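Examination of the molecular architecture
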Amino acid sequence: MYISAGNFERVNGLIRYVGTEAAPDETADAVASCRELGLDEATDTIIGYAGSRSGLDVLQILQSLNQRGKRRDADILLERALASLIRLQS
């Protein structure tokens, strides 16, 4: 809706919220929905935000993605989360 209306500020805010603060199942739903709609840039952005969440959140999102058969997105999230942890360790 926001995309078709050209309200990209709202879209960006929604993507940020879903990636950083929404319940893990909601984040997984958003990833799956965006991927199915061909919104690859939005999907990648959500996964990027989600990769910097707490370890428990990341694990719950990974589980939800795997249960939905979204293994590719789960793998990308795992890579982003590991990269985020490595950056924090440096």
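Keep in mind the model is a prediction, meaning the values are calculated, not measured.

Moving on, we come to the overall build of the chain. Helix and strand content of the chain: six helices and zero strands. When the helices and strands of the chain are read in sequence order from the N terminus, they spell out α-α-α-α-α-α. A compact globule built from 90 residues should have a C-alpha radius of gyration of about 12 Å, and the chain, at 13 Å, falls within 12% of that. Expressed as lengths along the three principal axes of its C-alpha atoms, the size of the chain is roughly 40 × 30 × 20 Å. Here the chain, with 90 residues, has 36% of them falling under the buried criterion.

With 13 residues, helix α3 (residues 24–36) should reach 18 Å at 1.5 Å per residue; the first-to-last C-alpha distance of 18 Å fits that figure. Among all positions of α3, only P24, T27, A28, A30, V31, A32, C34 and R35 are buried. Following α3 by one or two positions, G38 adopts a phi angle in the positive range, close to 80°.

By volume, the second largest pocket amounts to about 150 Å³. Along the wall of the second largest pocket there are 13 residues; nearest its centre are R53, G55, V58, A81 and L85. Residue assignment for the lining of the second largest pocket shows that the elements contributing at least two residues are α5 (55–67) and α6 (71–89). With six residues, α6 is the single largest residue contributor to the lining of the second largest pocket. A per-class count over the lining of the second largest pocket returns eight nonpolar, four polar and one charged.

Turning our attention to the environment of L37. Tracing the chain through its elements places L37 in the loop between α3 and α4 (40–50). It is 16 Å that separates the C-alpha atoms of L37 and G69, two residues lying 32 residues apart in sequence.

In this section: the packing of α3 against α5. α5 packs onto α3 with a crossing angle of 45° between their chain directions and a minimal axis gap of 8 Å. Taken together, the axis directions place α3 and α5 in an arrangement best described as oblique. Read as a crossing pair, α3 and α5 show a hand that is right-handed. Mapping the contact onto sequence places P24, D25, T27, A28 and V31 in α3 and D57, Q60, I61, S64 and L65 in α5. A breakdown of the residues in the contact of α3 with α5 according to their chemical character gives five nonpolar, three polar and two charged.

Scoring rules and cut-offs
Residues numbered from 1 in each chain as written. Predicted model: local features only at pLDDT ≥ 70, side-chain atom pairs only at ≥ 80, totals over all residues. Heavy atoms only, no water. Helix = DSSP H or I, 4+ residues; strand = E, 2+ residues; numbered from the N terminus. Rg over C-alpha atoms; globule rule 2.2 N^0.38 Å. Buried < 20%, exposed > 50% of the residue type's maximum accessible area, 1.4 Å probe, protein only. Expected span 1.5 Å × (residues − 1). 1 Å grid on protein atoms, 1.4 Å probe; cavity = no way out; pocket = protein on both sides within 12 Å on 5 of 7 lines; lining within 4 Å. Points joined across faces, edges and corners; volume = space filled by probe spheres on them. Nonpolar A, V, L, I, M, F, W, Y, C, P; charged D, E, K, R; others polar. Axes fitted to C-alpha atoms, helices over the stretch in contact; angles between N-to-C directions. Parallel < 35°, antiparallel > 145°, perpendicular 65-115°, else oblique. Left-handed = near helix turned anticlockwise from the far one by under 90°. Contact = heavy atoms within 4.5 Å.

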